[in-house]
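So the chains spell out like this:
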Amino acid sequence: MEITSYREIIGRSFIESRPLNAQWELTFKCNHLCGFCYNAPTGQRELTTDEIKRGLEKILDLGVLYITLTGGEAMVRPDFFEICEHARHLGFALRVYSNGYLIDEEKARRLKEVDTFEMEISIHGAKPETHDRLTGIRGSFDRLIAGLGHLRKQRIKTSLKCPITHLNQDELHQIWDIARSFECSMSWDPVIMPRDDGDTSPLALSANKEFLDRFFSDEFKLLRHGADVEKRDDTVTLTNCGTGKVSFTIDPYGNIFPCVAWRRKWANIKDVENLAELWRSSEVLKQVRWAAEQIPKTTLKQAESGDFCNFCPGVAERQTGSPFKMYPQAEAVAEARLTAYNNKQAERTGDAGVSPALASHPCRRHS
């Protein structure tokens, strides 16, 4: 069958477990102190420039189309642009995740010179006091705004992303306006994750229930790109997510994981020679692929709001000990989505509203 669109390429890679993207955490070092950061450095030696270059060559043999460079803050590495140049020399499309702090006029020009496909920048507030409080660095908001200006001047495709917290939840419309002013796309993440070592302290920053109910209502529909909340269609979505199928993650020490959230090591880039063969034969990857297929049939089927649940088995395993067990953040967002769906259905059928019991069925937690 002839493939005619990127959507079809994604679909084929999903079905056949062919990775399109490798996300590489170049370093855990960062110039911000975000309290909700999920990184958990262990103090091991991070990979050298030559080790990363050799790793990129191994990934090329796997047929990956694009590399996502992230951290920590990837741009704090002195060899960052040398790595970018090598990735482009090998033919990878290049995406960079950054907090924007280091992007001055010169670095924006160099990002353009290496033909960066997309920059994805984190924003944590519409005001300096909010953004700087969440990053822990005074002046970080002003540096971010300046960086966005430099990227726009170079006409580099830029996306903004915002983890929603109770500190910035009342500024989302203003953050949206900032994105529009710089011609950036905008995405939101209402789920704060625990750290990779299991520390759940970042969860204290989560948005509150009342706000989540509002976020999935018509009040924030524009910010959700005009989309109403809909049920998951299990006739189309046969697996929970693409973990171990369309992408994988490498940490600064070379450890390779099924995805950024599921830290089950299946190799180290320094040690493996035939990455393509290991991608097919790894027992760890077979297990996570199987789990992703089972979750819609088990965990989500057994949850009252499971049809609206964006469930991450990696977070579930880290937080509850099981990749199949519901965790509070997914539960809270699923309840809010269910409430919004029921309210919208009531509007469509002409009902004045729905009962609280119908509007907010909780996900059942499993022991």
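A few points on the structure. (Residues numbered from 1 in each chain as written. Predicted model: local features only at pLDDT ≥ 70, side-chain atom pairs only at ≥ 80, totals over all residues. Heavy atoms only, no water.)

**What about the overall build of the chain?**
Move 1: Within the chain one finds 13 helices and 9 strands.
Move 2: Here the C-alpha radius of gyration of the chain, 21 Å, is about what a compact globule of 367 residues would show, namely 21 Å.
Move 3: The dimensions of the chain, computed from C-alpha atoms along their principal axes, are 65 × 50 × 45 Å.
Move 4: Residue burial in the chain is summarised as follows: out of 367 residues, 53% are buried.
Move 5: Taking contacts inside the chain between residues at least 6 apart in sequence as the whole, the part at least 24 apart equals 71%.
Move 6: Counting every atom, the chain has about 16900 Å² of accessible surface; 50% of that belongs to carbon and sulfur.
Move 7: Each charge class in the chain was averaged separately, 49 positive and 52 negative side chains, and the resulting centres sit 1 Å apart. (Helix = DSSP H or I, 4+ residues; strand = E, 2+ residues; numbered from the N terminus. Rg over C-alpha atoms; globule rule 2.2 N^0.38 Å. Buried < 20%, exposed > 50% of the residue type's maximum accessible area, 1.4 Å probe, protein only. Contact = heavy atoms within 4.5 Å. Areas by Shrake-Rupley, 256 points an atom, 1.4 Å probe, with all protein chains shown as cover. Lys, Arg positive; Asp, Glu negative; His and termini not counted. Charge placed at Lys NZ, Arg CZ, Asp CG, Glu CD.)

**Some details on helix α10 (residues 283-294)**
Move 1: Helix length check: α10 (12 residues) gives 16 Å between terminal C-alpha atoms against 16 Å at 1.5 Å per residue, within 8%.
Move 2: Here α10 has its buried residues at Leu-285, Val-288, Arg-289, Ala-291, Ala-292 and Gln-294.
Move 3: Considering only its buried residues, α10 is in contact with α9 (275-281).
Move 4: Between the side-chain oxygen of the N-cap and the backbone nitrogen of Val-284 there are 3.3 Å, and the N-cap of α10 in question is Ser-282. (Expected span 1.5 Å × (residues − 1). Polar contact = N/O pair within 3.5 Å; in protein donor to acceptor, adjacent residues only side chain to side chain.)

**Describing the pattern of salt bridges**
Move 1: Scanning all chains against the criterion turns up 29 salt bridges.
Move 2: Linking Glu-118 and Arg-95 is a salt bridge whose minimum nitrogen-to-oxygen distance equals 3.2 Å. Of this pair, Glu-118 sits in strand β4 (residues 118-122) while Arg-95 sits in strand β3 (residues 93-98); the two residues are 23 residues apart in sequence, bridging distant segments of the chain.
Move 3: In this structure, Glu-293 engages Lys-245 in a salt bridge whose closest nitrogen and oxygen atoms are separated by 3.9 Å. Residue Glu-293 is located in helix α10, and its partner Lys-245 is located in the loop between α8 (209-215) and β7 (247-250); the two are separated by 48 residues in the primary sequence.
Move 4: What emerges from the salt-bridge pattern is a single network uniting Glu-25, Asp-196, Arg-263 and Arg-318. (Salt bridge = Lys/Arg side-chain N within 4 Å of Asp/Glu carboxyl O.)

**Quick notes on the side chain of Thr-249**
Move 1: Mapped onto the elements of the fold, Thr-249 is located in strand β7.
Move 2: For Thr-249, the side chain forms a polar contact with the main-chain nitrogen of Val-260, separated by 2.9 Å.

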